[in-house]
Amino acid sequence: MNKVYAFILPDYATFSFVSSSKLYFGTLDDFNRLLASEDNKSYKDAFERLKAGENNIYVDVLYWKERFGEQAQIIEEKSFDLKGGVYNHINIYNFPYDVAYDRLYLTKYLIRFKRSYYIAYKVKIYSPRLEKDEMYLDGRFWGFPEMIKVIKQSEKKNDFMLENTLLEISKNYKQKEKAFEAFYNDSELDLRSFFNDIFGDG
């Protein structure tokens, strides 16, 4: 992956009675894909300044300002290709969603940003649907506009995948040793941040 940057954006998928922000990581190309939505055009000027090499940029995030596009460092990455299964997601109100899928392709990253270490994911999930009623997750998402993309794989019905535009963070650590230990521990798959951008508090 090319250079990655930190982007703090409004968290529209959080509790409806609060205002909060959410940290993502991504490349310049990744963020440019967010600008496909008219809802995100307010970030275009800051993005152009970042591309031009400016490194002290602030943007309005809800009712306050946040630094835009600080550089981060990828330390490690690895990929997984899982065939068919069910991911058990618990939303922010502890309501369960059991999401069945045909394939789940993941890239897991260990990223250093400032004095902390983050585990983050790029997710590609194929034909995701609620296991209980076979309702396919092909739109109407709660998170930041264009954060979760629906990508058709063929003309067949329900042959699509979902992919996150920016990297979704699962955990962060202050201690380097604990971050590496968690990164290499593959027994726990934490995609809550990804699915929160789908289901929100609904």
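Counting restarts for each chain, with residues numbered from 1 along the sequence as it is written. Restriction of local features to residues with pLDDT of at least 70 applies here, the model being predicted, together with a cutoff of 80 or more for giving and counting side-chain atom pairs; totals for whole chains, interfaces and linings are based on all residues. The basis for every side-chain value is the complete set of non-hydrogen atoms in the structure, without hydrogens or water.

J.: Honestly, the pairing of strand β4 (residues 64–90) in this entry has me stumped. Any pointers?
T.: Put simply, side chains in a regular strand alternate between the two faces of the sheet. Note that strand β1 (residues 4–10) and β4 share 4 bridges and pair antiparallel. The partner of Val-4 across the bridge, within β4, is Ala-72. One requirement defines pairing of two strands: DSSP has to find at least two bridges between them. The helix and strand labels rest on DSSP assignments: H or I over at least four residues marks a helix, E over at least two residues marks a strand, and numbering proceeds from the N terminus. The pairing of strand β3 (residues 57–61) with β4 spans 5 bridges and is classified as antiparallel. Paired with Val-59 across the strands is Glu-66, a residue of β4. Counting the residues in the hairpin turn of β3 and β4 gives 2 residues, including Leu-62, whose phi is positive at 60°. Pairing of β4 with strand β5 (residues 96–113) involves 16 bridges; the strand directions are antiparallel. Pairing of Glu-77 across the sheet is with Tyr-109, part of β5. Hairpin connection between β4 and β5: a loop of 5 residues separates the two successive antiparallel strands, and Asn-94 in this loop has a positive phi of roughly 65°.

J.: Help me understand the pairing of strand β10 (residues 160–164) in this model?
T.: Partly exposed describes any residue whose relative accessible area lies between the buried limit of under 20% and the exposed limit of over 50%, with all areas from a 1.4 Å probe on protein chains only and scaled to the type maximum. Judged by how many residues are buried, β10 sits mostly within the fold: 5 of 5 residues are covered. In this sheet, β10 lies alongside strand β6 (residues 116–126) in antiparallel orientation, the contact comprising 3 bridges. Across the sheet, the residue bridging to Tyr-126 is Met-161, located in β10. Sheet topology places strand β9 (residues 148–152) next to β10; 5 bridges connect them, and they run antiparallel. Its bridge partner lying in β10, Ile-151 is registered against Met-161.

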